[in-house]
Amino acid sequence: MASFIRQFTSSAIPPIPSSTSNSFVDIPIPSFIISNSRSATWFYTTAAIVGTLLVLEQSVYRFKKKHLPGDSWTIPIIGKFADSMKPTMEGYMKQWNSGALSAISVFNIFIVMASSNEYARKILNSPAHAEPCLVHSAKQILMPDNWVFLNGKSHVEYRKVLNTLFTRKALSIYISIQDVIARQHFSQWLADAQKDPSPQAIMMTARNLNMITSLRVFCGNHIPEHGAVEISEKYWDITQALELVNFPLALPGTKVYRAIQARKAAIKWLELAASKAKTAIANGCEPECMLDEWVRELEAPGYKGRKDFSDREMAMVVFSFLFASQDAMSSGLIYGFQHLADHPDILAKIREEQYRIRAGDVEKPITLEMLDQMPYLKAFVKESMRVKPPVTMVPYRTTKAFPISNDYTVPVNSMVIPSFYNSLHDPSVFPEHDQLIPDRWLDPNSSANTNPRNYLVFGSGPHKCVGIEYATINIGLVLANASVLMNWEHHVTPESDQVQIIATLFPKDGCLMKFTPRPRP
């Protein structure tokens, strides 16, 4: 029995494993458990980093904003980008009316909006603290060494010679070109209207008139016809890319990329024009355009400024002038047509003045001397651009901390944007500010004339528009000739009084007009 028990226990009962055995270490662990563990680590690490960056973004925004009106928090990364893609006057008005200074953020670009006349003028007149940047993509498109972005002595050297290109002597050369081209385009407008008498949008039609006029005023015949057509057609890509907000990278297919290609094409022709102008004046030709006048001025005995402007530098100046003329000047002209159609009593006064000064001869070209005798026309142009200013704001970038008020300093490398609209619609300066009243400019003692600081249509300070006389003369001349050569009827739509904001303001419906010939007196 004892032997049986010993045999049974030794064969039937397995040995008890030792507590020091390594058997558990050798058990295989499924790979998906290891993979999930690593993924979780990466996920939590990434989430922590992203969360920290988002908190930092909000903290930086609130730190920069301080007490200014504006959203307490900004949408992560994009900020107000969605609103900026389709800006509206109602949206801008809401921002301007929120305070004399207010803050927003777009793609982490901190922006301070200035709506009062005081702060707008302070920005425009503080070159030591802020420089024009137009829009974020402007330097990519217009080129960073373009004169519009310069400050100090370099900018002064440009303005010294550019001011001579808008003297009365120079303007007398340009006005004959302007008159001829306006009449040519009117003939085409009437021919087109005869083929299709239905109302047509004049937004692009008026823009093309201004583009061709400016190209010939600036460059004369130094650019061939096909070159002028190429510039005119492609320049619209530049206008679209200079909206306040655009996708910032110049990737193929984007507006900024297309604008850069258009700029390259335009600069090629403009450099050629500058070179030809130098040759023409060297050969003894009389100035026939702005580039000719520029070259002639550099040779004048009394001129003491810089003389070594290259073809490229002259081309970039003309390139910047074209932007203003085909964009801001087109806005002014289109609203001029719309305002006159909607106010027949004002149009009647302009026509009376035209017939009187022209002595009934509507084919007689307009001269500067004739314009001097047209105060009502000038008052209308000034008032029309006050009511609907082509440019409502011009973005600047702070080059250093900018103490704009007693209790707020704009951080360095921020965008600071002076608004012109509130200054132009200040009811204390312009009673019935939303009404079109040209007569307010005919009384030298009116509040409009005694408060010139409020008329910011052309800006203020060292970067104030250098071509004010050219722009106002062109708009006035076109409308004056149109008033005696054509009748036009505005087809009013629900969008006629709504504003489309591209780089400047345009009627949202494109301004639908129907033109017919006007009988001669």
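Residues numbered from 1 in each chain as written. Predicted model: local features only at pLDDT ≥ 70, side-chain atom pairs only at ≥ 80, totals over all residues. Heavy atoms only, no water.

## Side note on the packing of helix H8 (residues 168-195) against helix H18 (residues 468-485)
How two helices pack is summed up by the angle between their axes together with the distance between the axes. Just so we agree on the cut-off: Helix axes use the C-alpha atoms of the stretch in contact, all axes being lines fitted to C-alpha atoms, and the angles between their N-to-C directions lie in the range 0 to 180 degrees. Comment: elements are numbered from the N terminus, with helices defined as DSSP H or I runs of at least four residues and strands as E runs of at least two. Roughly parallel means an angle under 35 degrees; roughly antiparallel means over 145; roughly perpendicular covers 65 to 115; every other angle is labelled oblique. Here is the rule for handedness: rotate from the far helix to the near one, and if that takes an anticlockwise turn smaller than a right angle the crossing is left-handed, while a clockwise turn gives right-handed. Note on contacts: a residue pair qualifies if any of its non-hydrogen atoms lie within 4.5 Å across the two residues. Three classes are used: nonpolar for Ala, Val, Leu, Ile, Met, Phe, Trp, Tyr, Cys and Pro, charged for Asp, Glu, Lys and Arg, and polar for all others, with Gly counted as polar.
Running from N to C, H8 and H18 cross one another at 40°; their axes reach a closest spacing of 10 Å. Relative to H18, the element H8 lies oblique. Regarding H8 and H18, the two cross each other, and that crossing is right-handed. From H8, Leu171, Tyr174, Ile175, Gln178, Asp179, Ala182, Arg183, Phe186 and Leu190 reach across to H18, where they touch Glu469, Tyr470, Ile473, Asn474, Leu477, Val478, Asn481, Ala482 and Leu485. In terms of residue class, the contact of H8 with H18 is built from 12 nonpolar, three polar and three charged.

## So, the pairing of strand E2 (residues 109-114)
The criterion, for reference: The cut-offs for exposure are 20% and 50% of the maximum accessible area for each residue type, with area from a 1.4 Å probe on protein chains only; residues under the lower value are buried, those over the upper are exposed, and the others partly exposed. Pairing between strands requires that DSSP locate at least two bridges from one strand to the other.
With five of six residues buried, E2 lies mostly within the body of the structure. One ladder, built from six bridges, connects strand E1 (residues 101-106) with E2; its direction is antiparallel. Across the sheet, valine 106 pairs through a bridge with isoleucine 109, a residue of E2. In this structure, E2 lies alongside strand E8 (residues 415-418), joined through four bridges in parallel fashion. Each bridged residue has a counterpart across the sheet, and for valine 112 the counterpart in E8 is valine 416.

## Topic: the packing of aromatic side chains
Condition: Each pair of aromatic rings taken from Phe, Tyr and Trp, with Trp reduced to its six-membered ring, is defined by centres within 6.5 Å and is described as stacked if the planes are under 30 degrees apart, edge-to-face if over 60, and tilted in the remaining cases. Geometrically, a charge over a ring is one whose NZ (Lys) or CZ (Arg) sits within 6 Å of the ring centre while staying within 35 degrees of the ring normal.
In total, this model carries 20 aromatic pairs according to the counting rule given. Ring centres of tryptophan 96 and tyrosine 421 lie 5.8 Å apart, and the angle between their planes is 20°; this geometry places the pair in the stacked category. A residue pair is termed long-range when its members are at least 10 positions apart, and tryptophan 96 in helix H4 (residues 89-97) and tyrosine 421 in helix H17 (residues 421-424) qualify at 325 residues. Measuring from centroid to centroid gives 5.1 Å for phenylalanine 337 and tryptophan 488, while their planes differ by 75°, and the two rings are edge-to-face. You can see phenylalanine 337 sitting in helix H13 (residues 311-342) and its partner tryptophan 488 sitting in strand E9 (residues 486-490), a full 151 residues away along the chain. The two residues phenylalanine 337 and tryptophan 488 agree in class, both being buried. One aromatic cluster is present, formed by Trp147, Tyr158, Phe166, Tyr174, Phe218, Trp294, Phe309, Phe321 and Tyr470 through successive ring pairs. Across from the ring centre of phenylalanine 309, 4.3 Å away, lies the NZ or CZ of arginine 306, which sits over that ring.

## Notes on the sheet that holds E8
Strand-to-strand pairing in sheets goes through backbone hydrogen bonds, with the strands running parallel or antiparallel. With mixed pairing, five strands are arranged side by side in an open sheet as E1-E2-E8-E5-E3. Among the strands making up the open sheet, the edge pair consists of E1 and strand E3 (130-132). Going from strand to strand, the sheet's axes swing by 30° on average, the running direction of each strand aside. Lying over the sheet, helix H5 (residues 117-124) contacts E1, E2, strand E5 (396-398) and E8, oriented at roughly 125° with respect to E8.

## Comments concerning the UniProt feature "binding site: heme" (unreviewed entry) in the chain
For clarity, the threshold we go by: UniProt positions are given in the numbering used here, feature names are shortened, and annotations may be inferred rather than shown by experiment.
The UniProt record marks Cys465 with the feature "binding site: heme" (unreviewed entry), using the residue numbering of this structure. Looking at the element boundaries, cysteine 465 is found in the loop between H17 and H18. Overall, the relative accessible area of 32% leaves cysteine 465 in the partly exposed class. Leave out the neighbours within four places in its chain, and cysteine 465 touches Arg159 and Phe458.

## Concerning the pairing of E8
Across the two faces of E8 the burial is the same, with Met415 and Ile417 and Val416 and Pro418 all buried. Note that E5 and E8 share two bridges and pair antiparallel. Its bridge partner being in E8, arginine 397 is matched across the sheet by methionine 415.

## Digging into the sheet that holds strand E4 (residues 200-201)
With antiparallel pairing, the three strands of this open sheet are ordered in space as E4-E12-E9. Strands at the two margins of the open sheet, each flanked by one partner only, are E4 and E9. When E9 meets strand E12 (residues 512-517), the two strands line up antiparallel, connected through five bridges. By the bridge assignment for E12, tryptophan 488 is matched with phenylalanine 515. Of the strands in this sheet, E9 and E12 touch H13, which is tilted by about 85° from E9.

## A short note on the side chain of lysine 65
Worth spelling out the cut-off: Just so you know, the count uses Lys and Arg for positive and Asp and Glu for negative, and it drops His and the chain ends. A pair is scored as a salt bridge if a Lys or Arg side-chain nitrogen falls within 4 Å of a carboxyl oxygen belonging to Asp or Glu.
Among the structural elements, lysine 65 can be located in helix H2 (residues 31-65). The side chain of lysine 65 sits in the buried core without any salt bridge; aspartate 71 is the nearest counter-charge, 8.1 Å away. Not counting residues within four places of it along the chain, the set of residues in contact with lysine 65 comprises Gly70, Asp71, Ala103, Phe110 and Tyr408.

## What to know about the nonpolar core
Short version of the rule: Definition used in this section: a nonpolar core is a set of buried Ala, Val, Leu, Ile, Met, Phe, Trp, Tyr and Cys residues joined via side-chain atoms within 4.5 Å.
If you look at the biggest cluster of nonpolar residues, it comprises 139 residues, and the most contacted ones within it are Leu162, Leu270, Trp294 and Phe337. The element that contributes the greatest number of residues to this core is H13, accounting for 14 residues. Excluding residues that lie within four positions of it along the chain, phenylalanine 337 makes contacts with Phe186, Trp189, Ile202, Val478, Leu479, Ala482, Trp488, Met513 and Phe515.

## A word on the packing of H13 against helix H14 (residues 344-358)
Close contact between H13 and H14 brings their axes to 5 Å; oriented N to C, the two are set at 105°. Between H13 and H14, the angle is such that the two are roughly perpendicular. Across the interface between the two elements, Leu340, Ala341 and Asp342 of H13 pack against Pro344, Ile346, Leu347 and Ile350 of H14. Class assignment for the residues of the contact of H13 with H14 results in six nonpolar, no polar and one charged.

## Topic: unusual backbone geometry
The phi angle at asparagine 413 is positive, at roughly 65°, despite the residue not being glycine. Its location among the elements puts asparagine 413 in the loop between strand E7 (408-410) and E8. Although it is not a glycine, glutamate 432 sits at a positive phi angle of roughly 50°. Here glutamate 432 shows up in the loop between H17 and H18.

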